[in-house]
Amino acid sequence: MIQVEELHKSFENLEVLRGVSLSIEKGEVLSLMGMSGYGKSVLLKHIAGLMKPDRGRILIDGEEVTSLGGGRLERLRSRLGFLFQGGALFDSLTIGENVAFPLKEKTALNACEIRERVRYELEQVGLTAAENKYPAQVSGGMIKRAALARALVRDPEIMLFDEPTTGLDPIIGRAILTLIASCHRRLNFTGIIVTHQIPQVFEVVNRAAFLHEGRIRMAGSPEAMMTSEDPVVRQFISGSVDGPIRY
Amino acid sequence: MRILARSPFLTLVRRTGKLSLFVVQRMGRMGLFLVMALFYAATPPLKLDRLLKQIQFIGFQSMLVILLTGTFAGMVLGLQGFYMLNRFGSEALLGPMIALVLIKELGPVLAALMVTARGGSAVTAEIGIMRITEQIDALELMGLNPFRYLIVPNLLAAIIALPLLTAMFDVFGILGGYLVGVKLLGVSGGTYFGEMATYVDIKDVAEGVYKSLSFGILLIWVCGYKGYHTGFGAEGVSKATTQAVVLSAVLILIWDYFMTSVLF
């Protein structure tokens, strides 16, 4: 469903992506791992059409994202949900209004239907009580859950999660991953999760890929990742300071 | 070849070229930003609720500062004008002098500078924060055009509000001048307003309106652009806000001179 081919991206003199190739099947959830600052978020933003690559292409259902613009890009984005690292909730709107926002702007649902839909989504993420609160009035975990509700409110076919557990305590982090898994069972989206929550993330994904020095160094099942003989992958998975990875 | 590459002259040429390219690129980006803002402002759909909110913010909430600055600008003009005209025995012309200075120059310029300081800076900061917290990316991913949602309502609000605020500034300035000239310094009230009616033409009023309209476009163009292309983090937003206010103020004065000398 998602095909990334030889993607290159540089920022001034820094080459972040040096030929990333990756494919994700329909309904599959993939965990994208790698050191901080090695281009995982950049790759997600390319898939969402928020960035243009220097070289290479991305295909979603055979349609090249990198060359899309205007109405065709908008149509593609209507199939896509994105959970941003910081939530990216609109701070001038309440949690409920944030979740309602995409429905109000992009669907023909009436106010009553929107209210019902918002309540349902907030119930799914356990945020019914926070509906009338502003993002500044709730915790980091609640912001992530509210952002998840907003991303899922239009039933996307593809979900991109940019570090959904970063900055959260291990219990809330695990709860978010469990929530993602239950949402996947409900909606059967194709997803990519960028996270450092290892090995917990392996319980909710079908496959994992390791991005290192601008390329996919390894892609395979969570089990294969855990038992990898590659010293770089092993060092990353174990979180050891000794090894080939310089930081 | 290596010696040539290190020559100070070539280094200077290279740096000048790099700077020129940078300036041209920035000007192009700013020009394109304005064209896009005007295009989206002229084509439907319009976010009416956002427009009303921004008219309230840029227009209504600036009224107090306009009232204060307008009144005191008129009072100062009344004082200075009276003592200057008194030297030539022409105190009777105090009313038209104050009215013409306010309507043609000070009203549009000072109102625009006040709105830049109060509303323009807030526009830059708000859009800048939305940029660094990925809220603008979120808008794009929802299939919404950030220009229509963020820039157009501010642009139209400024186009609507600024001429009205300028008119208010002029009225309060004339009343401030009346307070000083008539009530404090003894110019006849009838002369103050009577001479004003004789000397102030509708063309002068139109000049002020044209200026305030163009200043409205200019300040949202600069402040919106700086917010939209803000740097990283809190420092980036702070820098963008300062640059937006300074650049808007300078451009307003330059554009004012240009309009006065070329167009009128």
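Above this text you will find the structure in question.
Residues numbered from 1 in each chain as written. Chains lettered and ligands numbered in written order. Predicted model: local features only at pLDDT ≥ 70, side-chain atom pairs only at ≥ 80, totals over all residues.

1. Re the overall build of chain A
Working step 1: Scanning chain A for helices and strands turns up 8 helices and 10 strands.
Working step 2: Rg of the C-alpha trace for chain A: 18 Å, near the compact-globule value of 18 Å for 247 residues, within the 12% margin.
Working step 3: Along the longest, intermediate and shortest principal axes, the C-alpha atoms of chain A span 55 × 40 × 35 Å.
Working step 4: Taking the contacts inside chain A whose residues are at least 6 apart along the sequence as the reference set, 63% of them involve residues at least 24 apart. (Helix = DSSP H or I, 4+ residues; strand = E, 2+ residues; numbered from the N terminus. Rg over C-alpha atoms; globule rule 2.2 N^0.38 Å. Contact = placed C-beta atoms within 7 Å.)

2. Side note on the environment of Leu-32 of chain B
Working step 1: Residue placement: Leu-32 of chain B occurs in helix α2 (residues 8–42).
Working step 2: Placed 204 residues apart in sequence, Leu-32 of chain B and Gly-236 of chain B show a C-alpha to C-alpha distance of 22 Å.

3. Regarding the pairing of strand β3 (residues 29–34) of chain A
All names here are of chain A.
Working step 1: When you tally the buried positions in β3, you get 6 out of 6 residues, the bulk of the element.
Working step 2: Side chains Val-29, Ser-31 and Met-33 of β3 all project onto a buried face; the interleaved residues Leu-30, Leu-32 and Gly-34 project onto the opposite face, where all are buried too.
Working step 3: Here 4 bridges tie β3 to strand β8 (residues 190–194), and the two strands are oriented parallel to one another. Counterpart to Val-29 in the pairing with β8 is Gly-191.
Working step 4: Where β3 lies against strand β9 (residues 207–212), 5 bridges are found, and the strand directions are parallel. Paired with Leu-30 across the two strands is Arg-207, which belongs to β9. (Buried ≥ 20, exposed ≤ 12 C-beta atoms within 10 Å, placed from the backbone. Pairing = 2+ DSSP bridges.)

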